[in-house]
Amino acid sequence: MINQDQFDNLLVEAENEINNGADAAVLYHKYLGRNGKFSTMIKQITTLKTDERKVVGEKAKIIKNRLNYLLQIKTSSNQPSIDLTLPADLTAHGHQHPIETSIARLYQISERLGFVAAQSPEIENEDNNFEFLQIAKDHPARDMQDTFWTVDGRVLRTHTTAFQQNLIKNNHPPFAFVQGGKIYRCEAEDATHLSEFHQFDGFAVAKNLTFADLRGVLFQLIQDFFLRPVELRFRPSFFPFVEPGAEIDMKCFSCTGRGCRSCGYKGWLELLGCGITDQEIIASAGLDPKEYHGLAFGLGVERFAMLYYGVEDIREFTRNDPRFLEQLV
Ligand SMILES: [Zn+2]
């Protein structure tokens, strides 16, 4: 006589087969098919007395639902997740622009060196962009010909250094910030100049910062960016907001200093400007310039990217030609 235990046993047997990797279609046929084990058993219920028929029938219903559920799951997990019969997707999906990639890498490297990412607006007031940084009225950068102004007297920032005033006035030292972003100059465009390009600036103020700290930070930053050992030289140079100021050159990769076409036969490549923050800037933020010192550097992202990727014409970065961009992943 058929009973509840036989249905329970049927479920255990089916579960074992499912777990042992048997084919779902075969199992479905074996258990729930017209002449399957379940159907054979259910036919025997008619031979039971009415009250037993009701109890065993309820059990059979539960077991059938469970078997159905398990076999459905088994069937769907057997289906491949990719439909290999569909036509191939040959669409190019693109990638991050090499300038954005370079800025992201500079942020990453400088954050490892203890700098925090900051942001300042692309449209600046004259004070942040020029006066605070001691760029006098007769400085060439102030020439109306050299920059873009809005009708209400604001300026499209000519350098990312414009973030210094807000940082030093709103943060108590020690602090170290970096900013990468777009800047604007009224330049005639050629193979080495654009009117809209990108800079990456660093600015740190603390007690007892020295030129050795600046040198250490830049050496690490440059080496980590170019992913190779570099040889640097510091040349004294003038920037109104630093004293002393320097330009850094890196020994040419291609000729290792002997001179070649890519370094203009100089053996060295100009990289960036840097220096120790002018004491007047420290004092103008209410800090004692004898106690606090700042370090600052600013680099052209396109310049770094050109050297890193071996690009000879800066305008390639703005032409949006996939044949060029897809080489610089
Ligand atoms: Zn060279």
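Residues numbered from 1 in each chain as written. Predicted model: local features only at pLDDT ≥ 70, side-chain atom pairs only at ≥ 80, totals over all residues. Heavy atoms only, no water.

**Quick look at the overall build of the protein chain**
This is how the line gets drawn: Only DSSP runs of H or I reaching four residues or more are called helices, and only runs of E reaching two or more are called strands; each is numbered from the N terminus. Surface accessibility in these figures is a Shrake-Rupley result with a 1.4 Å probe; residues are shielded only by whichever protein chains are displayed. Asp and Glu are treated as the negative residues and Lys and Arg as the positive ones, with His and the ends of the chain left uncounted. Here the site of a charge means atom NZ of a Lys, CZ of an Arg, CG of an Asp or CD of a Glu.
From N to C terminus, the protein chain includes 11 helices and 9 strands. Taken along its principal axes, the extent of the C-alpha atoms in the protein chain is 110 × 50 × 45 Å. Surface accessibility of the protein chain: about 18,600 Å² in total, with carbon and sulfur atoms responsible for 51%. Taking the 35 positively charged and 44 negatively charged side chains of the protein chain as two groups, their mean positions are separated by 10 Å.

**A word on the side chain of Lys59**
Operational definition: Within 3.5 Å is the distance limit for a polar contact, defined as a pair of N or O atoms, with the added protein rule that one can donate a hydrogen and the other accept it, and that residues adjacent in sequence qualify only through two side-chain atoms. In what follows, residue pairs with any heavy atoms lying within 4.5 Å of each other are defined as contacts.
Mapping Lys59 onto the fold places it in helix 4 (residues 50–78). Within the structure, the side chain of Lys59 is placed 3.0 Å from the side chain of Asp8, a separation counted as a polar contact. Sequence-distant contacts of Lys59, defined by excluding residues within four places in its chain, comprise Gln4, Phe7 and Asp8.

**Some words on the coordination of the zinc ion**
Under the convention used in this document: Any N, O or S atom lying within 2.8 Å of the metal counts as a donor, with the limit raised to 3.2 Å for Na, K and Ca; because water is left out of the atom set, some sites can appear incomplete. Think of it in three bands: with a 1.4 Å probe and only protein chains considered, a residue is buried below 20% of the maximum accessible area for its type, exposed above 50%, and partly exposed in between.
Distances from the zinc ion to its protein donors, Cys252 (SG), Cys255 (SG), Cys260 (SG) and Cys263 (SG), fall within 2.2 to 2.3 Å. Each donor residue of the zinc ion belongs to the same chain, with the gaps between them written as C-x2-C-x4-C-x2-C. With Cys252 in the loop between strand 7 (242–251) and strand 8 (268–277) and Cys263 in the loop between strand 7 and strand 8, this residue pair connects regions lying 11 residues apart in the sequence. Each member of the pair, Cys252 together with Cys263, is buried.

**So, the packing of helix 5 (residues 98–112) against helix 8 (residues 211–226)**
Helix packing for two helices is described by the angle between their axes and how far apart those axes are. How we decide: Throughout, an axis means a line fitted to C-alpha atoms (over the contacting stretch in the case of helices), and angles, computed between N-to-C directions, take values from 0 to 180 degrees. Reported orientations rely on four angle classes, namely roughly parallel under 35 degrees, roughly antiparallel over 145, roughly perpendicular from 65 to 115, and oblique for the rest. If you view the pair so one helix is near and one far, a crossing is left-handed when the near helix is turned anticlockwise from the far one by less than a right angle, and right-handed when it is turned clockwise. Amino acid classes used here: Ala, Val, Leu, Ile, Met, Phe, Trp, Tyr, Cys and Pro are nonpolar; Asp, Glu, Lys and Arg are charged; the rest, including Gly, are polar.
Direction vectors running N to C along helix 5 and helix 8 enclose 135 degrees, while the axes themselves pass 10 Å from each other. Relative to helix 8, helix 5 is oriented oblique. Judged by the twist between their axes, the crossing of helix 5 over helix 8 is right-handed. Here Ser102, Arg105, Leu106, Ile109, Ser110 and Arg112 of helix 5 come into contact with helix 8, specifically with Gln220, Leu221, Asp224 and Phe225. Of the residues that constitute the contact of helix 5 with helix 8, the class distribution is 4 nonpolar, 3 polar and 3 charged.

**A look at the domain arrangement of the protein chain**
In plain terms, the rule: Boundaries of every domain are those given by an automatic assignment or by a domain database.
Here the protein chain is described as being made up of domain 1 (4–78) and domain 2 (98–325). A separation of 74 Å is found between the C-alpha centroids of domain 1 and domain 2.

**Digging into unusual backbone geometry**
Residues Pro173 and Pro174 are joined by a peptide bond in cis, for which omega reads 10 degrees. Topologically, Pro174 is positioned in the loop between helix 7 (164–170) and strand 4 (175–184). In this structure, the amide linkage connecting Glu243 to the following residue, Pro244, adopts the cis form with an omega of 0 degrees. Mapped onto the fold, Pro244 is located in strand 7. Unusually for a residue other than glycine, Gln134 sits at a positive phi of about 60 degrees. The phi dihedral of Leu227 falls on the positive side, at around 55 degrees, and the residue is not glycine. Within the secondary structure layout, Leu227 lies in the loop between helix 8 and strand 6 (232–237).

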